[in-house]
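Architecture at a glance
Take a look at the letters that make up each chain.
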Amino acid sequence: MSKLKGIAASNGVAIAKAYTLEAPELSFETKKVGDVAKETERLQDALDVSKQELEKIKENARQSLGDEHAEIFSAHLLVLSDPEMITPIKDKIKNENINAEAALDEVANMFINMFESMDNAYMRERAADIKDVTKRVMAHLLKVSFPDPALIDEEVIIIAEDLTPSDTAQLNKQFVKGFTTNIGGRTSHSAIMARSLEIPAIVGTKTVTDDVKDGDIIIVDGIDGEVVINPSDDVIKTYRKKQDDFAKQKEIWAQLKDEPTVSKDGTHVELVANIGTPNDVEGIINNGGEGVGLYRTEFLYMGNSDFPSEDDQFDAYKSVLEQMGDKPVVVRTLDIGGDKELSYLDLPKEMNPFLGFRAIRLCLERDDIFRTQLRALLRASTYGNLKIMFPMIATLDEFRQAKALLLDEKDNLKGEGIDVSDDIEIGIMVEIPSTAVIARQFAKEVDFFSIGTNDLIQYTMAADRMNERVSYLYQPYHPAILNLVNNVIEAAHAEGKWAGMCGEMAGDSIAIPILLGLGLDEFSMSATSILPARTQIKDLSKEELASYKDELLSMSTADEVETFIREKTNQ
Ligand code: PEP
Ligand code: MG
């Protein structure tokens, strides 16, 4: 028996025979071609067959996973007919006289590299979409068969280098009990889909395809992120018990779906979700979310070849607001620039994009772009409970300017006879240490704070959040971070305002007790983290946790904080 660690991507325990899903061999040689027309036709045939297959997979996904996930394949189909992708491939064949395989590979890699270098996990996943589609087209060009997980007809756990969205959509839950891969992270498509299918999954094991043979009995423990290979009968028994306990645990979580989030001693906090598109709202509703804590609007801008019109934006915001009814929806205005590029916005390259011309800095200079978004938001405001926040605010002056533009557009709309809500709260994201430090002064003017710890940690620790080598400095429990967070919460409360958090830290089971003790009012996280968090909070005493505040804030290291919290909360 041996064990392997990975990233727990989807909860639960699966025990079954390993089924290795091998990636097709897609190597090719770059060749010169004589007949360009024939080569272009070969490419077109491969694109057409791929489209037909994807239509089928999309239909399967719609039936087994629902509309939201089927949309991934609409995105794949769009890649296949997107002139920005296909025309350069055809041009390469024509102008460089190279074979379709080489042209496809070069163009696809250019797009993959572009998306992979973005600092946003969601956009990095778009690179996975292009990889997935490209492999399918390449397999058709090379006439090699593409794996078909839909044919599995016995209980198995899938082992793979990586699972593409199309692999995952073909998984039949009746037979596929779980999966584990060498690469991937918690926000990869395969992980997201595993959570929707509710099958245990571990990604990022690095070596599972080397360590496990077809037919080995394995256990995927998606709770603790462990793969057990060829376990003894006794070990299997232990994990069967863990499986039963987890099933019971889920029943307990589900009981809280329609309940408010209340600590053991009666403090109510809000558990809301982070979303990127109106499609994500379904997940919030299914998981008992109490609202939207962060709507990242930049995806509206990134999926297009031009700025989205005011009407297109209005439709998206209205859809989210209507679906959420009277629950709060916090929309973040455009957070673009730096390394989150828009192909149609010609920005000069910068030495330090994270410290550069981005987010509110860009919006204040390009107020034409900003005003369009503000108008769309204001028009949508009458359809629900809208709150607006500005990203990357470093000075009070930036906030004042942004708010003035918002109020100006409100006046304009009213002048045009268009209805606008008068109850829109206007807040800021706290992502920059300068703002966290003088939160007192900000609190007099903003309606709320939402702490963006993904960036706040990167700026406080001076550690690029994209750089693996300094990822050890991403320390949410570092006392410096806790002091900043505490400062923001205290400042909000001193002025009768509320403080939320929408960085990854808000859904972290070690951070949750700390934040509850510090008095955080709103926790915004991925939808599937909501019910476990609600269950955890139900058993925590806010008063007890608050009594540790001074001790925690004066600790010296993140490790000290973690050890202390684990001990106090039995984790
Ligand atoms: C953050 O910085 O914590 C945040 C939520 O914003 P993003 O991850 O989109 O930068
Ligand atoms: Mg941020």
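This text follows the structure it describes.
In this text, all values refer to a predicted model and were calculated from it rather than measured experimentally.

A few points about the coordination of the magnesium ion (ligand 2)
Reference geometry at the metal: tetrahedral coordination by four donors gives ideal angles of 109.5 degrees; octahedral coordination by six donors gives 90 or 180 degrees. Distances from the magnesium ion (ligand 2) to its protein donors, E431 (OE) and D455 (OD), fall within 2.0 to 2.1 Å. With a gap of 24 residues between them, E431 in the loop between β14 (425–430) and α16 (433–437) and D455 in helix α18 (residues 453–461) connect regions that are remote in the sequence. According to the relative accessible area criterion, E431 is buried, its value standing at 2%. Judged by relative accessible area, which is 3%, D455 ranks as buried.

What about the site of ligand 1?
Every residue near ligand 1 is listed here: L294, R296, R332, M429, E431, G452, T453, N454, D455, R465, C502 and G503. Interatomic distance of 2.9 Å between a side-chain N/O atom of R332 and an oxygen atom of ligand 1. Within the backbone of N454, an N or O atom sits 2.8 Å from an oxygen atom of ligand 1. Bound to the protein, ligand 1 loses 99% of the 290 Å² it would expose on its own. Counting residues per element, the ones that place at least two in the shell around ligand 1 are β11 (292–296) and α18. Element by element, the count of residues in the shell around ligand 1 is highest for α18, at three residues.

Quick word on the packing of aromatic side chains
For the structure on display, the rule yields nine aromatic pairs. Relative to Y317, the ring of Y295 lies with its centre 5.9 Å away and its plane at 80 degrees, an arrangement referred to as edge-to-face. With Y295 in strand β11 and Y317 in helix α12 (residues 310–324), the pair connects residues that are 22 residues apart, well separated along the chain. Taking the centre distance of 4.5 Å and the plane angle of 5 degrees together, the rings of F448 and W498 count as stacked. Of this pair, F448 sits in strand β15 (residues 448–451) while W498 sits in strand β16 (residues 498–501); the two residues are 50 residues apart in sequence, bridging distant segments of the chain. Each member of the pair, F448 as well as W498, is classed as buried. The side chain of K318 reaches across the aromatic face of Y383, ending 5.0 Å from its centre. Sitting above the plane of the F314 ring, R379 keeps its charged end 4.3 Å from the centroid.

Section: α12
The end-to-end C-alpha distance of α12, which contains 15 residues, comes to 21 Å, matching closely the 21 Å that a straight helix rising 1.5 Å per residue would cover. All of the buried residues in α12 are E310, Q313, F314, A316, Y317, V320, L321 and M324. The arc enclosing the buried residues of α12, seen along the axis, measures out at 165 degrees, which places them on a common side. Two residues or fewer after α12 comes G325, characterised by a positive phi angle close to 60 degrees.

Quick notes on the rules
- Residues numbered from 1 in each chain as written.
- Chains lettered and ligands numbered in written order.
- Predicted model: local features only at pLDDT ≥ 70, side-chain atom pairs only at ≥ 80, totals over all residues.
- Heavy atoms only, no water.
- Donors = N, O, S within 2.8 Å, 3.2 Å for Na, K, Ca; no water.
- Helix = DSSP H or I, 4+ residues; strand = E, 2+ residues; numbered from the N terminus.
- Buried < 20%, exposed > 50% of the residue type's maximum accessible area, 1.4 Å probe, protein only.
- Near = heavy atom within 4 Å.
- Polar contact = N/O pair within 3.5 Å; in protein donor to acceptor, adjacent residues only side chain to side chain.
- Areas by Shrake-Rupley, 256 points an atom, 1.4 Å probe, with all protein chains shown as cover.
- Phe/Tyr/Trp six-rings, centres within 6.5 Å; stacked < 30°, edge-to-face > 60°.
- Lys NZ or Arg CZ within 6 Å of the ring centre and 35° of its normal.
- Expected span 1.5 Å × (residues − 1).
- Arc of directions from axis to C-beta.

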